[in-house]
Amino acid sequence: MSKRERHTGESVRRYPRLVKWTFRFFSGIAVAVVYFIVFSIFFDTPIEYELKKSTDRIAEEYRELERRYDTLQRVLDNVSERDRSVYKILFESEPVMQGDEDRQRRLAFQSGLEGMTNLELGTYFDERLGLLYQEVSNYAAMAERQRERVAADVQQALAIPAIQPVDNRQLTLLTASFGERVHPFFKTMSQHNGVDYSVPVGTAVFATADGTVRSLQTRGQTSGLSLVIDHGNGYETVYSHLDKVVAQPGRKVSRGDIIAFSGNSGLSFAPHLHYEVRYRGTAVDPVNYFFMELDMPRMRRLREISRMGMQSFD
């Protein structure tokens, strides 16, 4: 037998075995696929099991929320029905629901737009845009007027005396108040038109509001070296018995500016500052014009301290 014949015989014998092993291989794959499908249908993996439990909990919570919603809806419907009944009893008519009105208005507006041509729509929106622009312009003008009014109010507020003319944080320097006081030289009761601060010569004196220095009186007067500030809104403030003046007539000053230094000039019993507030030419109690610096309890305390001294310093 030749070599070629032997090789052919062996190939013929191997062919059935190859077919058998191929069949077994694909049969195993088919069994594995069927097993996987069956296992997936009838059994859950741990992850799937947890997901199903979570889904069940969510579904139960949703059903509970639905039940609560239905309960609340019934309560609201009951309240609404009772409200309608009370309205009908009181006014003998059916109540008009705002929501219904708004809905009907929107539907009518939408229907009106749907019935317009493109040209009509353009004209309508152009008109509405013009009205909107006019409203915006009106609001802008109104805002500007409000800003101007606020600025004017701020300027007016800054021009009202509102602080003490000297540093008196401890409330111990005011020794004579506004009203009937004993004159230090004549020993008679006379009207004291301001308040007296007992301070050493050279103590800084502050402008109590914004204004313009109107006049400066010389030492030849009984009030000594005095400064008058015009605040432009009916208010004037007077600072008397000074030693030195910093702000000259015509100068604009702001609240808190140093305008002078206290002294003992003129008809003065001792070194002090005499301070007055005048409104439309009439002297008023300056203690009522410390509201920016003092709260009500401290203002009452300052007034009590000042009233203890029955004698003025000038």
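Structure report, in brief.

### Points about a nonpolar patch on the surface
Among the surface-exposed residues, Phe-185, Phe-186, Leu-267 and Phe-269 lie close enough to one another that they form a single nonpolar patch of about 400 Å² accessible area. Examined against the element boundaries, Leu-267 turns out to sit in the loop between β10 (258–262) and β11 (273–279). In this structure Leu-267 comes out as partly exposed when scored by relative accessible area, which is 33%.

### Some points on helix α5 (residues 296–307)
Between its terminal C-alpha atoms α5 stretches 17 Å, which fits the 16 Å expected from 12 residues at 1.5 Å a residue. Restricting attention to buried positions, one finds in α5 the residues Met-299, Leu-302, Arg-303, Ile-305 and Ser-306. Axial view of α5: buried residues confined to an arc of 160°, hence all on one face. Turned more than 90 degrees from where α5 packs its buried face, Met-296 and Arg-307 sit exposed. Capping the start of α5, Asp-295 holds a side-chain oxygen 3.0 Å from the backbone nitrogen of Arg-298, two or three residues further along.

### A word on the nonpolar core
Among the nonpolar cores identified, the biggest contains 30 residues, and Tyr-197, Val-205, Tyr-239, Leu-242, Ile-259, Leu-273 and Phe-290 are the most heavily contacted of them. Broken down by secondary-structure element, the contributors of at least two residues to this core are β4 (195–197), β7 (225–230), β8 (235–245), β10, β11 and α5. If one sorts the elements of this core by residue count, β8 sits on top with 4 residues. Setting aside its immediate chain neighbours within four residues, Leu-273 contacts Pro-165, Val-166, Val-195, Asp-196, Tyr-197, Val-199, Val-205, Tyr-239, Ser-240, Leu-242 and Ser-262.

### Section: unusual backbone geometry
Even without being a glycine, Leu-171 presents a positive backbone phi close to 60°. Considering the arrangement of structural elements, one finds Leu-171 in the loop between α4 (118–158) and β1 (174–176). Positive phi is not limited to glycine here, since Arg-280 has a value of about 55°. Here Arg-280 shows up in the loop between β11 and β12 (282–284).

### Comments concerning the packing of aromatic side chains
Evaluation of the coordinates by the stated rule reveals 3 aromatic pairs. On the basis of an interplanar angle of 40° and a centroid distance of 4.6 Å, the ring pair of Tyr-235 and Tyr-279 is categorised as tilted. Of the two residues, Tyr-235 is situated in strand β8 and Tyr-279 in strand β11; the sequence distance between them amounts to 44 residues. Given a relative accessible area of 12%, Tyr-235 falls into the buried group. Geometrically, the ring pair formed by Tyr-235 and Tyr-289 is edge-to-face, given 5.6 Å between the ring centres and 70° between the ring planes. Here Tyr-235, found in strand β8, pairs with Tyr-289, found in the loop between β12 and α5; they are 54 residues apart in sequence, far enough to count as distant. A residue is classified by how much of its surface remains accessible, and Tyr-289, at 14% relative accessible area, is buried. Here the aromatic residues Tyr-235, Tyr-279 and Tyr-289 are joined through ring pairs into a cluster of three or more.

### Describing the pairing of strand β6 (residues 211–217)
Sheet analysis places β6 next to strand β9 (residues 252–253), joined by 2 bridges and oriented antiparallel. Residue Gly-211 lies in a different strand from β9, and its bridge partner there is Val-253. Bridge count for β6 against β7 is 5 bridges, and the pairing is antiparallel. Note that in β7 the partner of Thr-212 across the bridge is Asp-230.

### Regarding the environment of Asp-295
By the secondary structure assignment, Asp-295 is in the loop between β12 and α5. A distance of 3.0 Å separates a polar side-chain atom of Asp-295 from the backbone nitrogen of Arg-298.

### Quick word on the pairing of strand β3 (residues 189–192)
With 4 bridges joining them, strand β2 (residues 179–182) and β3 adopt antiparallel strand pairing. Looking at the pairing, Glu-180 lines up with Gln-191 of β3. Where β2 hands over to β3, the hairpin turn is made up of 6 residues, of which Lys-187 adopts a positive phi near 60°.

How each quantity is defined
- Residues numbered from 1 in each chain as written.
- Predicted model: local features only at pLDDT ≥ 70, side-chain atom pairs only at ≥ 80, totals over all residues.
- Heavy atoms only, no water.
- Patch = residues over 30% accessible without salt bridge, like charges linked within 9 Å, V, L, I, M, F, W, Y side chains within 5 Å.
- Areas by Shrake-Rupley, 256 points an atom, 1.4 Å probe, with all protein chains shown as cover.
- Salt bridge = Lys/Arg side-chain N within 4 Å of Asp/Glu carboxyl O.
- Helix = DSSP H or I, 4+ residues; strand = E, 2+ residues; numbered from the N terminus.
- Buried < 20%, exposed > 50% of the residue type's maximum accessible area, 1.4 Å probe, protein only.
- Expected span 1.5 Å × (residues − 1).
- Arc of directions from axis to C-beta.
- Polar contact = N/O pair within 3.5 Å; in protein donor to acceptor, adjacent residues only side chain to side chain.
- Core = buried A, V, L, I, M, F, W, Y, C linked by side-chain atoms within 4.5 Å.
- Contact = heavy atoms within 4.5 Å.
- Phe/Tyr/Trp six-rings, centres within 6.5 Å; stacked < 30°, edge-to-face > 60°.
- Pairing = 2+ DSSP bridges.

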